[in-house]
Amino acid sequence: MSSAASKTRILVIDDSEAIHTDFRRLFSTEQRKGSDELDQLEVALFGPTPSRETARGEQELEVDSAFQGQEGVTKIQEAMAQGRPYSLVFLDYRMPPGWNGAETLRHLRKIAPSLQVVLCSAYSDYSWGSLLQEFGETPLLREMRKPFNGQELRQLVLSLTGTPRGPK
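If you're wondering where the values come from, they're calculated on a predicted model, not measured in any experiment.

Caption draft 1: Seen up close, the overall build of the protein. Of regular secondary structure, the protein possesses eight helices and five strands. For the protein, the succession of helices and strands along the chain, N to C, is α-β-α-α-α-β-α-β-α-β-α-β-α. Each of the 168 residues in the protein was classed as buried or not, and the buried ones make up 40%. For the protein, the proportion of contacts with a sequence separation of at least 24, taken over those separated by at least 6, is 75%. Here the protein displays about 9100 Å² of accessible surface, and carbon together with sulfur accounts for 51% of that area.

Caption draft 2: Representation of the packing of aromatic side chains within the structure. For the structure on display, the rule yields three aromatic pairs. Between Phe23 and Phe27, the ring centres sit 6.1 Å apart and the planes meet at 40°, which makes this aromatic pair tilted. With Phe23 and Phe27 both in helix H2 (residues 17-27) and four residues apart, this pair spans about one turn of that helix. No difference in accessibility class separates Phe23 from Phe27, as the two residues are buried. Clustering of aromatic rings is evident, with ring pairs tying together Phe23, Phe27, Phe90 and Phe148.

Caption draft 3: Focus on the side chain of Ser121. Looking at the element boundaries, Ser121 is found in strand E4 (residues 116-121). For Ser121, a relative accessible area of 4% corresponds to the buried category. For Ser121, the side chain forms a polar contact with the side chain of Asp92, separated by 3.4 Å. If we ignore the near neighbours within four places in the chain, the residues touching Ser121 are Asp92, Tyr93, Met144, Arg145 and Lys146.

Caption draft 4: The nonpolar core, seen in detail. Core analysis: the largest hydrophobic core is formed by 20 residues, its most contacted members being Ile76, Val89 and Leu91. The set of elements that each furnish at least two residues to this core consists of strand E1 (8-13), helix H5 (69-81), strand E3 (88-92), helix H6 (101-111), E4 and helix H7 (128-135). Per-element tally for this core: the top contributor is H6, with three residues. Apart from residues lying up to four places away in sequence, Ile76 is in contact with Leu11, Tyr86, Val89, Leu108, Ile111, Ala112 and Leu115. Membership of the second largest hydrophobic core comes to 18 residues, among which are Ile10, Leu26, Phe27 and Phe90.

Caption draft 5: Main features of the sheet that holds strand E2 (residues 61-66). With parallel pairing, the five strands of this open sheet are ordered in space as E2-E1-E3-E4-E5. Every interior strand has two partners, whereas the edge strands, E2 and strand E5 (141-145), have only one. With direction set aside, neighbouring strand axes in the sheet form an average angle of 20°. Examined bridge by bridge, E4 and E5 share five bridges and lie parallel to one another. Across the sheet, Leu119 pairs through a bridge with Glu143, a residue of E5. The strands touched by H7 within the sheet are E4 and E5, with E5 carrying the most contacts at an inclination of about 165°.

Each value, and the rule that gives it
- Residues numbered from 1 in each chain as written.
- Predicted model: local features only at pLDDT ≥ 70, side-chain atom pairs only at ≥ 80, totals over all residues.
- Heavy atoms only, no water.
- Helix = DSSP H or I, 4+ residues; strand = E, 2+ residues; numbered from the N terminus.
- Buried < 20%, exposed > 50% of the residue type's maximum accessible area, 1.4 Å probe, protein only.
- Contact = heavy atoms within 4.5 Å.
- Areas by Shrake-Rupley, 256 points an atom, 1.4 Å probe, with all protein chains shown as cover.
- Phe/Tyr/Trp six-rings, centres within 6.5 Å; stacked < 30°, edge-to-face > 60°.
- Polar contact = N/O pair within 3.5 Å; in protein donor to acceptor, adjacent residues only side chain to side chain.
- Core = buried A, V, L, I, M, F, W, Y, C linked by side-chain atoms within 4.5 Å.
- Pairing = 2+ DSSP bridges.
- Axes fitted to C-alpha atoms, helices over the stretch in contact; angles between N-to-C directions.

These values are about where atoms sit, not about what they do.
Right, dumping it as structure tokens:
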């Protein structure tokens, strides 16, 4: 089995490039290996953080990006057709000018009803209650507010994907 096929796949659907960069910093082994001077200074001052360490036995996560809802739904369809589905999707509520998070989720549920989704934003055009009313209260749908705490985000991803954490 190739290493790409063994990775747990996450799709980030967000219109902000900075959010995609943050996810890659937290979850990509290659990003962690390529620390720049500022990262090295941070480690020297504050010590290593879980986002900077790769524990032995920890499975690498593959982070993929979509900047609009339509693009995200297409990527999910393609991944399913290739037999390499995503385990988890982080979906922004607001993504002008295209579909918002709720509209994207409606389309996503038609093609991948059992895919885990975390809706996230600093703002919300929908109340969590109205989203639960439309999509049902299910462990497949969560909400997380921006700005993200890196450690909390990492723990959420690990718990939702069942990704092993490796020995301490």
